[in-house]
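# A closer look at the structure
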Amino acid sequence: RVCLRLRFLVPPRMKMACAKALALLSAATVPWAAAVQDSTNPLNKVIQLMDDLSAKVVKDGEVAAKAFHDYTEWCDDASHNAKFAIEDATKQKAKLEAKIGELGSDIEVATDRIEKLAASTQSADADLKNATRIREKEAADFAASEKELMETVDTLTRAIGILEKEMAKNPAAFAQLDTSNL
């Protein structure tokens, strides 16, 4: 009867133990209980011990049922927590995969840009070399022209110096006269 009240709370192993204990108790007490009603009788003592054992088994069954109920709640909580963790991880995974795809396309764009800049740099280096050669040639031409002009200026400076000396000696020597009327 006690086991029937606890059938929803008691795990299957405890139900079996309880059923065996009650069967043993009922088998031991029913034939002798009617015959012996004296409290000093050893049989009454056995019945008393059996009732105590039955109460202890019921109490142990209740404790086990509570522990089983607590364990079931813990399992349910752990299951729900794991479910939410899986959902969160799945969402995070989707976000990270999208970010990986985005960054992959950024890498491709950057790689293309690097290639274009490398080609542009090579073209600029070639243009710089050509411009440098042209500037070197122009610098050489300028240096040659400047040298020639400096030599001409130097020659003219010396000629002016000679003319000034000669004019200082004889000022009329270099006078230009119109000899056609003479």
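Every value quoted in this text rests on a predicted model; they were computed, and no experiment measured them.

### A short note on the overall build of the protein
When you go through the protein residue by residue, the secondary structure sums to 3 helices and 0 strands. For the protein, restricting intrachain contacts to residue pairs at least 6 apart in sequence, the fraction spanning at least 24 positions comes to 56%. About 15,500 Å² of surface is accessible on the protein, with carbon and sulfur atoms providing 62% of the total.

### Notes on the confidence of the model for the protein
Taken as a whole, the protein shows an average pLDDT of 82; of its residues, 73% reach a score of 70 or greater. The lowest-confidence element of the protein is helix α1 (residues 2-5), averaging 43 in pLDDT; the highest-confidence one is helix α3 (residues 42-169), averaging 93. Note on residues 1-8: pLDDT is under 50 here. Beyond four places in sequence and across chains, it has 8 contacts.

### Describing the packing of aromatic side chains
Enumeration over the complete set of coordinates arrives at 1 aromatic pair. Judged by centre distance (6.1 Å) and plane angle (25°), the rings of Tyr 71 and Trp 74 are stacked. Taken as a pair, Tyr 71 and Trp 74 lie in helix α3 at a separation of 3 residues, close to a single helical turn.

### Structural notes on α3
Note: α-helices contain 3.6 residues per turn, so residues at a spacing of three or four share the same orientation. Taking 1.5 Å as the rise per residue, α3 with 128 residues should run 190 Å; its terminal C-alpha atoms sit 175 Å apart, in good agreement. All of the buried residues in α3 are Asn 44, Ile 47, Met 50, Ser 54, Val 58, Gly 61 and Ala 65.

The rules behind the values
- Residues numbered from 1 in each chain as written.
- Predicted model: local features only at pLDDT ≥ 70, side-chain atom pairs only at ≥ 80, totals over all residues.
- Heavy atoms only, no water.
- Helix = DSSP H or I, 4+ residues; strand = E, 2+ residues; numbered from the N terminus.
- Contact = heavy atoms within 4.5 Å.
- Areas by Shrake-Rupley, 256 points an atom, 1.4 Å probe, with all protein chains shown as cover.
- pLDDT = per-residue confidence, 0-100.
- Phe/Tyr/Trp six-rings, centres within 6.5 Å; stacked < 30°, edge-to-face > 60°.
- Expected span 1.5 Å × (residues − 1).
- Buried < 20%, exposed > 50% of the residue type's maximum accessible area, 1.4 Å probe, protein only.

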